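As a plain string of letters, each chain reads:
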Protein chains: 6
Amino acid sequence: MRPNNRPNDQLRDISLTTGVNPHAEGSCLIKFGLTEVLCTASVQEKVPQWLKNKGQGWITAEYGMLPRATADRKDREATKGKQEGRTLEIQRLVGRSLRSVCDLKAIDGLTIWLDCDVLVADGGTRTAAITGAYVALALALAELNRKKRLKGAVLRDRVAAISCGVMEHGVVLDMDYTEDSSALADANFVMAGNGDWIELQMSAEQKPISGHDFARMQEMASRGIMELFSLQARALELAS
Amino acid sequence: MRPNNRPNDQLRDISLTTGVNPHAEGSCLIKFGLTEVLCTASVQEKVPQWLKNKGQGWITAEYGMLPRATADRKDREATKGKQEGRTLEIQRLVGRSLRSVCDLKAIDGLTIWLDCDVLVADGGTRTAAITGAYVALALALAELNRKKRLKGAVLRDRVAAISCGVMEHGVVLDMDYTEDSSALADANFVMAGNGDWIELQMSAEQKPISGHDFARMQEMASRGIMELFSLQARALELAS
Amino acid sequence: MRPNNRPNDQLRDISLTTGVNPHAEGSCLIKFGLTEVLCTASVQEKVPQWLKNKGQGWITAEYGMLPRATADRKDREATKGKQEGRTLEIQRLVGRSLRSVCDLKAIDGLTIWLDCDVLVADGGTRTAAITGAYVALALALAELNRKKRLKGAVLRDRVAAISCGVMEHGVVLDMDYTEDSSALADANFVMAGNGDWIELQMSAEQKPISGHDFARMQEMASRGIMELFSLQARALELAS
Amino acid sequence: MRPNNRPNDQLRDISLTTGVNPHAEGSCLIKFGLTEVLCTASVQEKVPQWLKNKGQGWITAEYGMLPRATADRKDREATKGKQEGRTLEIQRLVGRSLRSVCDLKAIDGLTIWLDCDVLVADGGTRTAAITGAYVALALALAELNRKKRLKGAVLRDRVAAISCGVMEHGVVLDMDYTEDSSALADANFVMAGNGDWIELQMSAEQKPISGHDFARMQEMASRGIMELFSLQARALELAS
Amino acid sequence: MRPNNRPNDQLRDISLTTGVNPHAEGSCLIKFGLTEVLCTASVQEKVPQWLKNKGQGWITAEYGMLPRATADRKDREATKGKQEGRTLEIQRLVGRSLRSVCDLKAIDGLTIWLDCDVLVADGGTRTAAITGAYVALALALAELNRKKRLKGAVLRDRVAAISCGVMEHGVVLDMDYTEDSSALADANFVMAGNGDWIELQMSAEQKPISGHDFARMQEMASRGIMELFSLQARALELAS
Amino acid sequence: MRPNNRPNDQLRDISLTTGVNPHAEGSCLIKFGLTEVLCTASVQEKVPQWLKNKGQGWITAEYGMLPRATADRKDREATKGKQEGRTLEIQRLVGRSLRSVCDLKAIDGLTIWLDCDVLVADGGTRTAAITGAYVALALALAELNRKKRLKGAVLRDRVAAISCGVMEHGVVLDMDYTEDSSALADANFVMAGNGDWIELQMSAEQKPISGHDFARMQEMASRGIMELFSLQARALELAS
């Protein structure tokens, strides 16, 4: 029923490759099927103006897509002179998600930029971005730790994210672009390592959905994210 | 425990006043406690470029805040030269929410603009905007119906929205600004008249929350929105 | 001959309501017929960069219109990414007019922002803005005085403003939008309490006008503004 | 009392040179003392979108200053990415002033752009711009007439403009920059050849002024503009 | 003397990988040492407005850098709201270079976008972009040819590019970032397959250079580009 | 064969007039045939942020064209809200060219702005801008020297620039706009007084050119620039 006969609750092929950028303190190229997102973590030796002398650092994210990441070429945001609402929404989501498991006091004086750039888009770019940005961030923090630049443990837990959708034939996990386009509703789930929720976003522009269907999505997402945690752990082990 | 000893599951004082703009096809001034949002529905005799000859109309929303809507004056977006990410996020949410219960084919050739302008902000502006925009839209559609401009019924259901939060002392309904600032997590719920969900957005930047707490929020929001449906109905009756 | 048989030298129904914004140091909702402008005065504890250490404070104004303030919806300036020339012209006029009767040394260290937002436009929005901003400013200054934040008297005089036009049937006072659209020339007058002129702006795009007609406009405006001074005084008394 | 002992009612040395731009349909370099404004009139074979099929053409003006036109260098508007409020105000004034004496039906299908670029600024740039733009426009219209491109007479009258100020020592005509900086009030007058007023703008940011002083300014401006009409006429004769 | 004891006239390790983007009509990931540029060619079924009905198509290029492509993170151009002068300069160069060997009449009705996005920057990004864009373009044209969409041969010749620099120790080929930073002068050379020059750009901000040194650069560049032609040919063979 | 039977290696009539701006520290109006560029040098008593406390000053250039400088009126960059790529490219070239012969340590604490504004464009505006900006800069430096504001000699050499083109009938010097439009290739040469090259830019969008033709252009440009050096010297003598 799904492309490639993938069962409803199965993730696409997923891979995480670290160390892909020779300049960045942490980097990870993550693939969810055809989707490819290049995530880098960059350490900057200062904090935003509004955090001066507040005893804490900052973690922020930016998101972008190469013009031909999509099936049809899209105009470059730098050429149009502004970022779209969708872009701003996604990068705010990525930043909030990662900050929710960090102790910002331990990086006092530093800003960590998480850049998530989509090389190829085929659905699920924001969940890939969060999952990959976690790995890039963990690598950058390990590097800062080696240099004795941290004032304590930063990461309180892990973070990963996955999408679910409601289609005519039921609830499905990790939709590709074609599925996403015909879904009645779609949702993005961001979970911490302890199983608690960091962000839930469900949008049913086509047709409102029942509480029962939403509960089914939560359950399926929870299991998918557990698999992502394993893949993140393996990538970090290989990198160390 | 809450300001004014309001019980955890109680809405603030809410009022809806229709016909507040002499030019607009539909208008509603909605108040949630101190929060005031002026909602207008404006009918335009054309559709966006990308909907030309597609056999359907369009409904879109814009959101703004007067500079002194907030406790401290904020710079005017028109002066800064761009809308903030938060503004874009909210107006996309309002537009999607209202479109989810409309048959756009019945307004072929027309665009309806829903402008939600915050005169006073004290928490809950986006949920007030959705709830008030529904009333303005219903009035504009009634007007179009009287003029025989519709190709069928447009509204398939009602829409209203409310916020919930998780605070140290438990889950609460319809937070004001002070509560919102100290909440561990906050969520916005948009529901259709049949009890199905249109949008769910939960964000736990302070601390991830359990599935149990989220379920409690859903339940509380559901009951709060039922009350809003009654208030909307009464306002529309008075206007007719 | 005029709408509602209003005599040529008569103002529309005018009302001023104070205290309409719970956050602002001063606020006034002013109506000239259908026209409604919400004026707030906001005190900020700093001065612009170029006034640092000059021994004086600053008073500045901003003007905006809600998209459906007008008979046909206009695009939002925040969406277009810039303020129109007309908007800039009006807010510069409002700022200059109010500063002309103030001793800025007495508010050293402070900036007062006068925001004039048009909820409904039906002609005369800039003169309503000046007249209402004066009331909001006077209230904010009274508040600052109560808190002993002033270094002396700030207001040296009152300010109010009205429009006049030359129509085929003669000179008229306080035009509504329909009249304004067919006038040969229109003018805006800003007067101090002592009868001296603060700003005069006459524009005759349709047809140049004689010195005699302009003198008649000055005279009519002068009497109209006297009435506005009484209404301002009453509103301020009620607020105190 | 004035710089160079100039009497209060005397203009600075004024010169108008035509034909200074080999591409433009009409051009005039105008000097008021040190102030130099280069005015060109450019004919374009189309009308703005909103005038399509309305049976009339359009005349519009743009104003700019070279960065070092002023005593201290100012940032280039093209670099800052927007035109200042002052610039927009002036170019709207120039455009309205010239349109007020033109029959736009006679240039149906055409737009005439009046570009007024300040090479050196020493006060009075907007009045020099109006006075010089009239000459550039008249030359372009003569050229169009020779080519049989007009549908009738365009110019119904002449236009010129001058500034006046109120200083401690009385009312003065045609202020330079130093005088302008210390004036209590300043005004700009735009007059038609028949002595009627096209635009009057008086601004008294320092101190409101009496009706008597304003009448004195009108009278002095009127006589100054008569002299400008002679100088315009001579420049046009020489060019023909 | 050079990093890694590279001889003055030797290129860095260079690789070209085709087919790296599943959506694009042509794509090539090109590496010059650490520098990595992702080049895609996208076919669009229309021409720019100004080429409508002129009997020819268009080829244009855009250039961008990921924020952490550089050793220190740079602000994203999409966030800053505009492309830098350097970016515009490079993308104009890439577009002109590729157009110089194409017959645009043979792609009448089509625009081909060449997007060159720098994943890692270590000097020579513009020359890598031109060299890689040629391969992406050739692949897209082959694809169009298979679909019988061309009106004749498009490519009249090959194109590749390389940089040279003058350093204290002599003229060198293909500088990395460290070398570039200390060069007295640097130049970029774009050559056609027949050995003729398409673009030459030499800039000596540190110290003017002699005609003799420039001749030496031309000669060295010429030989380097010959090697690039071989590598391009091999990559295209492997892709076919 | 060329317009006015000008020999291939002959410059157009060239004139340089100094002191044309009463405010600027240095100014020069330069004409190459019909082309006219107004160059001013403005001294500012501070350095850019990134040069604070680096022991050196800065020299930078800006370039602009009046809207009707060209045969067809072009939109004003200030109105469009941004500078074109061509403009940025030219002003970067002018700035680099002049800096290449200056000792910036000798103007520590100062920025010199070179504004090159094109009053009339007929080909060669960038080379006229460089040649004229040198004169304006030399005058401003002489003025600073008189005021004892320099920490040593600033100018190490002279700078001037000229264009060459390859046309069907051969290589030509100093093309006007008509020639430029039909050239197969065009190049701009910036030379120091000692005959060394500061910038070389050759672009062959129409057809790649041989090394032989490029050598011929270098030679012809070299001789043309020698003549410009004489004209600069004479203008500076007259001004002293």
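Conventions and cut-offs
- Residues numbered from 1 in each chain as written.
- Chains lettered and ligands numbered in written order.
- Predicted model: local features only at pLDDT ≥ 70, side-chain atom pairs only at ≥ 80, totals over all residues.
- Heavy atoms only, no water.
- Disulfide = S-S within 2.5 Å.
- Least-squares fit on C-alpha atoms with pLDDT ≥ 70 in both.
- Helix = DSSP H or I, 4+ residues; strand = E, 2+ residues; numbered from the N terminus.
- Buried < 20%, exposed > 50% of the residue type's maximum accessible area, 1.4 Å probe, protein only.
- Contact = heavy atoms within 4.5 Å.
- Buried area = accessible area lost by both parts, 1.4 Å probe.
- Salt bridge = Lys/Arg side-chain N within 4 Å of Asp/Glu carboxyl O.
- Polar contact = N/O pair within 3.5 Å; in protein donor to acceptor, adjacent residues only side chain to side chain.
- Pairing = 2+ DSSP bridges.

A. Spatial organisation of the state of the cysteines. Applying the stated criterion across every chain yields a total of zero disulfides over all chains. In this structure Cys-102 of chain B is not part of a disulfide, and its nearest cysteine sulfur, from Cys-116 of chain B, lies 14 Å away.

B. Spotlight on the relation of the copies chain E and chain A. Relative to chain A, chain E is turned by 180 degrees and slid 0.0 Å along the rotation axis, the superposed coordinates differing by an RMSD of 0.0 Å. Such a turn and shift between the copies fits a two-fold axis.

C. Local environment of unusual backbone geometry. All names here are of chain B. Not every positive phi belongs to a glycine, and Lys-148 is a case in point at roughly 55 degrees. Tracing the backbone through its elements, the reader meets Lys-148 in the loop between helix H3 (125-146) and strand E6 (159-167). For Lys-148, a relative accessible area of 72% translates into the label exposed.

D. Quick peek at the interface of chain B and chain C. With 34 residues of chain B at the interface, the matching set in chain C holds 34 residues. Per-residue buried area on chain B facing chain C is highest for His-23, Arg-68 and Arg-76 of chain B; these three make up 27% of the total on that side. Where chain B packs against chain C, one counts twelve salt bridges. In this structure, Arg-68 of chain C engages Glu-25 of chain B in a salt bridge whose closest nitrogen and oxygen atoms are separated by 2.6 Å. At the junction of chain B with chain C, the criterion picks out 24 residue pairs in polar contact (both at pLDDT 80 or more). Listed by contribution, the elements that provide at least two residues to the side of chain B that touches chain C are strand E3 (35-44), strand E4 (58-65), helix H1 (77-80) and strand E5 (111-120) of chain B. For the side of chain B that touches chain C, the element with the highest residue contribution is E5 of chain B, accounting for six residues.

E. Molecular detail of the pairing of strand E8 (residues 185-192) of chain F. All names here are of chain F. Within E8, seven of the eight residues are buried, which leaves it mostly tucked inside the rest of the structure. Judged from the eight bridges that link them, strand E6 (residues 159-167) and E8 form a sheet pairing that is antiparallel. Of the residues in E8, the one forming a bridge with Cys-164 is Ala-187. In the sheet, E8 pairs with strand E9 (residues 197-203) via six bridges, with the strands oriented antiparallel. The partner of Phe-189 across the bridge, within E9, is Leu-200. The antiparallel hairpin formed by E8 and E9 contains four residues in its connecting segment, where Gly-195 sits at a positive phi of about 90 degrees.

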